[in-house]
Amino acid sequence: MDELRIDLPDADATDRLGQALARTRPASAVVHLHGDLGAGKSTLARALLRALGVTGTIRSPTYTLIERYPLQGGGEAWHLDLYRIADAGELDFLGLDEGAAVLWLIEWPERGRGHLPAPDLEVHLEVDGLGRRARLLVPTPVGEQWLGQLEAIVRADPSLRVISE
């Protein structure tokens, strides 16, 4: 599985990563967002959605579980936050149809295991001092192509630093 590690020294860097993800996004993709509370999952999702042209308020779906956003190029982006669900079976009541969304952004996907589409991109975020670190993993060919395009943009951005480990 291919991997890319990125140092995000501040919130602006997290926004730039979201913008880069939007610029290179495939026609249809599923993103699983992992990380502790406060790691930047919602910040990254918000930046990605804003870069895709979503206007107005972009709410965290912490209490609603899902927020749907129409995209300028057609289709919808679905932002899910599964932190509050007790059992993955609760997702059956949300009316999630895999064909309806062209972009899935799923926070706390481990809580919906077995009831969610497989990820094309896994983003693991962690706090690092005043900033964050991101580790991106790609388990599918769609994700591999996305990561290849993304890496070129990230390496060209002097405010983002690829971590070699």
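Residues numbered from 1 in each chain as written. Predicted model: local features only at pLDDT ≥ 70, side-chain atom pairs only at ≥ 80, totals over all residues. Heavy atoms only, no water.

Trainee: Just checking my understanding: could you explain helix α1 (residues 11-24) for this structure?
Mentor: The periodicity of an α-helix, 3.6 residues per turn, causes residues three or four positions apart to be oriented the same way. Taking 1.5 Å per residue, 14 residues should reach 20 Å; α1 reaches 20 Å between its end C-alpha atoms and fits that length. Of all the residues in α1, the buried ones are Ala13, Thr14, Leu17, Gly18, Ala20, Leu21, Ala22 and Thr24. Of the surrounding elements, those touching the buried residues of α1 are β1 (2-8), α2 (41-51), β6 (121-128), β7 (131-138) and α3 (141-156). Looking at where α1 begins, the residue whose side-chain oxygen comes 3.2 Å from the main-chain nitrogen of Asp12 is Asp10. (Helix = DSSP H or I, 4+ residues; strand = E, 2+ residues; numbered from the N terminus. Expected span 1.5 Å × (residues − 1). Buried < 20%, exposed > 50% of the residue type's maximum accessible area, 1.4 Å probe, protein only. Contact = heavy atoms within 4.5 Å. Polar contact = N/O pair within 3.5 Å; in protein donor to acceptor, adjacent residues only side chain to side chain.)

Trainee: Hey, could you run me through the side chain of Glu122 in this one?
Mentor: Here Glu122 shows up in strand β6. Buried Glu122, no salt bridge; nearest opposite-charge side chain is Arg135, N-O distance 6.7 Å. Engagement of the side chain of Glu122 in a polar contact is seen with the side chain of His124, the distance being 3.3 Å. Beyond its immediate sequence surroundings of up to four residues, Glu122 is in contact with His32, His34, Arg135, Leu136, Leu137 and Pro139. (Lys, Arg positive; Asp, Glu negative; His and termini not counted. Salt bridge = Lys/Arg side-chain N within 4 Å of Asp/Glu carboxyl O.)

Trainee: Where do I start with the sheet that holds strand β2 (residues 29-34) in this structure?
Mentor: Strand pairing in a sheet relies on backbone hydrogen bonds, with the paired strands running either antiparallel or parallel. Taken together, eight strands build an open sheet; the order of strands is β3-β4-β5-β2-β6-β7-β1-β8 and the sheet is mixed. Looking at strand neighbours, the two that pair on one side only are β3 (66-70) and β8 (161-162), the edges of this open sheet. In the sheet, β1 pairs with β7 via seven bridges, with the strands oriented antiparallel. Bridge pairing in β7 places Glu3 opposite Leu137. The sheet strands contacting α2 are β2, β3, β4 (76-81), β5 (101-107) and β6, and the helix crosses β5 at an angle near 160°. (Pairing = 2+ DSSP bridges. Axes fitted to C-alpha atoms, helices over the stretch in contact; angles between N-to-C directions.)

Trainee: Got a minute to help me understand the nonpolar core in this structure?
Mentor: A general feature of soluble globular proteins is that nonpolar side chains tend to end up buried together. Grouped together as the largest cluster of nonpolar side chains are 37 residues, with contacts concentrated most on Leu17, Leu21, Leu136 and Leu150. By size, the runner-up hydrophobic cluster in this structure holds 13 residues, among which are Leu65, Trp78, Trp104 and Ile106. (Core = buried A, V, L, I, M, F, W, Y, C linked by side-chain atoms within 4.5 Å.)

Trainee: For this particular structure, what's the right way to read the packing of aromatic side chains?
Mentor: Working definition: an aromatic ring pair is given by the centre-to-centre distance plus the angle between the planes. According to the stated counting rule, one finds two aromatic pairs in the structure shown. Between Tyr83 and Trp108, the ring centres sit 4.9 Å apart and the planes meet at 50°, which makes this aromatic pair tilted. With a gap of 25 residues between them, Tyr83 in the loop between β4 and β5 and Trp108 in the loop between β5 and β6 connect regions that are remote in the sequence. If you follow Arg111 out to its NZ or CZ, it ends over the ring of Trp108, 5.3 Å from the centre. (Phe/Tyr/Trp six-rings, centres within 6.5 Å; stacked < 30°, edge-to-face > 60°. Lys NZ or Arg CZ within 6 Å of the ring centre and 35° of its normal.)

Trainee: In this structure, what is going on with the packing of α1 against α2? I would like to understand it.
Mentor: A pair of packed helices is characterised by two quantities: the angle between their axes and the separation of those axes. The geometry of α1 relative to α2 is characterised by a closest axis approach of 7 Å and an angle of 45° between their N-to-C directions. The angle between α1 and α2 places the two elements in the oblique class. Judged by the sense of rotation from one axis to the other, the crossing of α1 with α2 is right-handed. Contacts between α1 and α2 involve Thr14, Asp15, Leu17, Gly18, Gln19, Leu21 and Ala22 on the former and, on the latter, Thr43, Leu44, Ala47, Leu48 and Ala51. Residue composition of the contact of α1 with α2, by class: seven nonpolar, four polar and one charged. (Parallel < 35°, antiparallel > 145°, perpendicular 65-115°, else oblique. Left-handed = near helix turned anticlockwise from the far one by under 90°. Nonpolar A, V, L, I, M, F, W, Y, C, P; charged D, E, K, R; others polar.)

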